[in-house]
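Coordinate inspection notes
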Amino acid sequence: MAERRIGEVILDVRNISLRFGGVKALTDISFDVREHEIRAIIGPNGAGKSSMLNCINGVYQPQEGSITFRGKTFRHMNSRQVAEMGVARTFQNLALFKGMSVLDNIMTGRNLKMKTNLFQQALRIGAAEREEVEHRAFVERIIDFLEIQAYRKTPVGRLPYGLQKRVDLGRALAMEPQVLLLDEPMAGMNVEEKQDMCRFILDVNDEFGTTIVLIEHDMGVVMDISDRVVVLDYGRKIGDGAPDEVRANPDVISAYLGTSH
Amino acid sequence: MESTFPRLLLEHAKVRPDAPALREKVYGIWQTLTWAELAALVKRIAGGLAEAGLARGEHVVVVGENRPRLYAAMLAAQSLGGIPVPLYQDAAAAEFVFPLQNAEVRFAIVEDQEQVDKMLEVRAQCPLLARIWYDDPRGLRNYSEPGLASLDSLIEAGTAYERSHPGFFDAALAAGSPHDVAAMFFTSGTTGNPKGVVHTHFTLLDRAAAGARFDKLTDKEEVLAYLPPAWIGQNIFSYAQWLATGYVVNCPESASTVMIDLKEIGPTYYFAPPRVFEGLLTSVMIRMEDAGAVKRWLFRRFMDVARRVGPAIMDGKPVSWADRLRYRLGDVFVYGPLRNTLGFSRVRVAYTAGEAIGPDLFTFYRSIGINLKQLYGSTETAVFVCLQPDHEAKADTVGIPIEGVEIKLEESGEILVRSPGLLREYYKNPQATAEVKTGDGWYRTGDAGFLDAGGHLKIIDRAKDVGRMADGSMFAPKYIENKLKFFPHIKEAVAFGDRRDKVCAFINIDFEAVGNWAEKRNLPYAGYTDLSQKPEVYELVRECVEKVNADLAADEKLAGSQISRFLILHKELDADDGELTRTRKVRRGHIGDKYQVLVDALYGGKSKQFIETQVKFEDGRTGTVSATLKIVDVKTFPVLRRAA
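These numbers were taken from a predicted model, which means no experiment stands behind them.

Residues and elements named next belong to chain B. Packing of helix α16 (residues 477–485) against helix α19 (residues 535–553) brings their axes to within 9 Å, and their N-to-C directions diverge by 130°. Accordingly, the angle class assigned to the pair α16 and α19 is oblique. Seen along the crossing, α16 lies across α19 with a hand that is right-handed. Judged by residue contacts, Ile-480, Lys-483 and Leu-484 of α16 engage Cys-544, Val-545, Val-548 and Asp-551 from α19.

The structure is reproduced here in structure tokens:
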């Protein structure tokens, strides 16, 4: 990969443990994410990948541990605060408004950036109109970037799955995030759709310098595009490092392939 | 027309400075470039090219979709006496090697990263290629190859050059002559290397203007440029005629949005190959099937009216007032909305060319009030040779020779053309030039055809494929095959008859169409091979073949090639098995050899024949398919002498 300038640690996860009653979803997980890097979290089904993402995202409150974002340490955060700090995410099983157009769906991603209130927007008074034009222009850039111009006015529910995933990514990008959390962006896609998605992830990272944390199931894909990989298994971290190191790690191999004892 | 492309540009900039010249949809909004703005842009790019050292008569490669700045780049090159060489944007990198070497190209102006990558890939083989400029910088930030720069930087350099060399542009224009070479188009030869077709400003503009006069085009036309600019058809419609008449050319947002953009622009002058018209019709039909019962009823009812009287109304023939009223109603309820959905509300003139168009398809568009016509021409003739006049459009001819064109038919049936728009030569290929251009200025088209009673040219086949029957009458296999293929149930056909006493044919059924047909009749079948050999299917195909025979009988010259016997093949002809070319043309010779036993059976009078064939699956495995094929005789008709 070209000399992408990877910066300082932007997100530091320390000793996170998460329990649901007696079930230990995550046990003492620590890793960091550097600015501008593509960081993957992999692991077999039920390893705790999505739980990890939900902790960073503020959806789950871990019982132990801390998360440091840009030098500020948090123990409890809600998802709105996280979003306001510049962390956006996509969802494993798409959470789009099926009946709304692609354009409107991505526009919802601008919600946090809108300064005018509902009243102004409804009556088109004050800065509302000018603001809408600015946001629309930004969204159009995303539509162009993701090459979905042909579907601008199409209701999302009518699009094939791979394109819906792209719209989901578009909505996250509309927040102009510093850190983008992608929850299985390639799940359920065919090979061609996966390649497209890989290209967009690399492009987002390259073009906007966005730091990307992605969860993925498909080892092959992850190894190709990530700078560093964390491997989880049964809620524990079993590996962390560059793709090649991780691939050679015996614990990772046994978690994925099983070993004979 | 005694002018050059850049001189016409300046004229438009003077006469209609604020009128739109080009529009492009960017970030969802149509952006306009006026003639004055375009002229200013062209001057700057020309300045940049001058500073880079572009010499008169030097080739500049331009690769990309229809983009305003690429059009400006072509004009800029022409301003300095340079020769733009547009190449196909979807070609593989290796295909660029020959044109770049052949035309000794130093400069390339390309659209985006994709094209830059291809240029860089072949750079080692094309050491002359010194500078590459790109229009869209996306993804190119980290490229540091020598000589690679953005079009913006070229424009910047040109602005500085303009300041330090005032008057360079006008001087360069004054030095150019209409008989200088204006552009070179590489034709994709099916064998060997492509050939560079050399055209001057005069040849292109003369034909562009003749075509514009024929259809009374004005500066008010709207055109959508969506086919590859490297293809002379697009180049004539959106570049030569654009400058010759001063109309507006619209560039779609992306390849996938063409249909949406078409609807938004509503062009008045439109061009598309038959496959585009077919695709549009299919999408309409599919949507109609999903429509409500009332809409479907209205559609069916009024389409019947359209089929019956639409073409006659289009041709200006007398129609009873009751039918006129019905058609008028249909226009309100069905045809008008349909034209709008297709993006043809404002179309005054629409052309199709490139391959034969099915009569049903052709009539459909004419019957709903779209003035769809056919034309005949090629890269070598700067397109316009024959055009169909309004009110005289027929599905099986390509129109009358237009002003300046002379047509001569060889003994073999080959069509020879003489017009002011003929190519000057094939670049660096005097042998190929001599093969197609005769000493007294005729161009051999390689097509076989004849003029019908109304003076319309009828193309029947490539001249080299036209054979003779044993009795000496003309045998044009593709003409017959096309007629068969126009039936929706027939996917491919292969006709045999050269040096034989009768014509026989292989038929491939269209699995989807015939499958549906069988399902509706509760006809069970196990698969393609089984379906193809059903007696009911043979009966269905026999009716089609008989209709073709009846059609052929109406034509004195072709009546001898009526099909006497046919069989339905047990497998689909496939490019992977070498039976079709990659562009889905049947390889008649190869098929004849491969299925020799079947040909022998057809001519040997057998009523069935066993055949075993090896097939290649898409994953590379091979297998065999075997079947006993039935062979059927078909009724032929006596020649109908034409009244004329």
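The structure having been displayed, the exposition proceeds.
This next bit is on the sheet that holds strand β4 (residues 64–69) of chain A. Residue and element names in this part refer to chain A. The sheet built from 4 strands is open, its strands ordered β2-β1-β4-β5 with antiparallel pairing. Because the sheet does not close on itself, it has two edges, and the strands there are β2 (23–34) and β5 (72–74). On average, each strand axis in the sheet is inclined to that of its neighbour by 20°, with strand direction left out of account. Sheet topology places strand β1 (residues 9–20) next to β4; 5 bridges connect them, and they run antiparallel. Looking at β4, one finds that Arg-14 is bridged to Ser-66.

Another point: the domain arrangement of chain B. On domain assignment, one finds that chain B holds domain 1 (5–250) and domain 2 (466–633). Using C-alpha coordinates to define each centre, domain 1 of chain B is positioned 46 Å away from domain 2 of chain B.

Turning our eyes to something else, we now look at helix α8 (residues 201–214) of chain B. Residue and element names in this part refer to chain B. For α8, built from 14 residues, the straight-helix expectation of 20 Å at 1.5 Å per residue is met to within 8% by its first-to-last C-alpha distance of 20 Å. Buried residues dominate α8, accounting for 12 of its 14 residues. All of the buried residues in α8 are His-201, Phe-202, Thr-203, Leu-204, Leu-205, Asp-206, Arg-207, Ala-208, Ala-209, Ala-210, Gly-211 and Ala-212. Here the buried face of α8 lies against α1 (5–15), β8 (181–187), β9 (195–200), α9 (232–245) and β15 (386–387).

Further remarks concern the domain arrangement of chain A. All names here are of chain A. Entries for chain A in the domain assignment read domain 1 (1–86 + 177–261) and domain 2 (98–174). Using only C-alpha atoms to locate each centre, domain 1 and domain 2 end up separated by 27 Å. On the side of domain 2, 9 residues touch domain 1, which itself brings 11 residues to the contact. Per element, the largest residue contribution to the side of domain 1 that touches domain 2 is 4 residues, and it comes from helix α7 (residues 191–208). A breakdown of the residues in the side of domain 1 that touches domain 2 according to their chemical character gives 8 nonpolar, 1 polar and 2 charged.

The next point concerns the sheet that holds strand β21 (residues 457–462) of chain B. Residue and element names in this part refer to chain B. Strand order across the open sheet formed by 4 strands is β17-β18-β20-β21, with antiparallel pairing between neighbours. Looking at which strands have only one partner, the edges of the open sheet turn out to be β17 (406–409) and β21. Direction aside, the axes of adjacent strands within the sheet are offset by 50° on average.

Cut-offs applied
Residues numbered from 1 in each chain as written. Chains lettered and ligands numbered in written order. Predicted model: local features only at pLDDT ≥ 70, side-chain atom pairs only at ≥ 80, totals over all residues. Axes fitted to C-alpha atoms, helices over the stretch in contact; angles between N-to-C directions. Helix = DSSP H or I, 4+ residues; strand = E, 2+ residues; numbered from the N terminus. Parallel < 35°, antiparallel > 145°, perpendicular 65-115°, else oblique. Left-handed = near helix turned anticlockwise from the far one by under 90°. Contact = placed C-beta atoms within 7 Å. Pairing = 2+ DSSP bridges. Domains from an automatic or database assignment. Expected span 1.5 Å × (residues − 1). Buried ≥ 20, exposed ≤ 12 C-beta atoms within 10 Å, placed from the backbone. Nonpolar A, V, L, I, M, F, W, Y, C, P; charged D, E, K, R; others polar.

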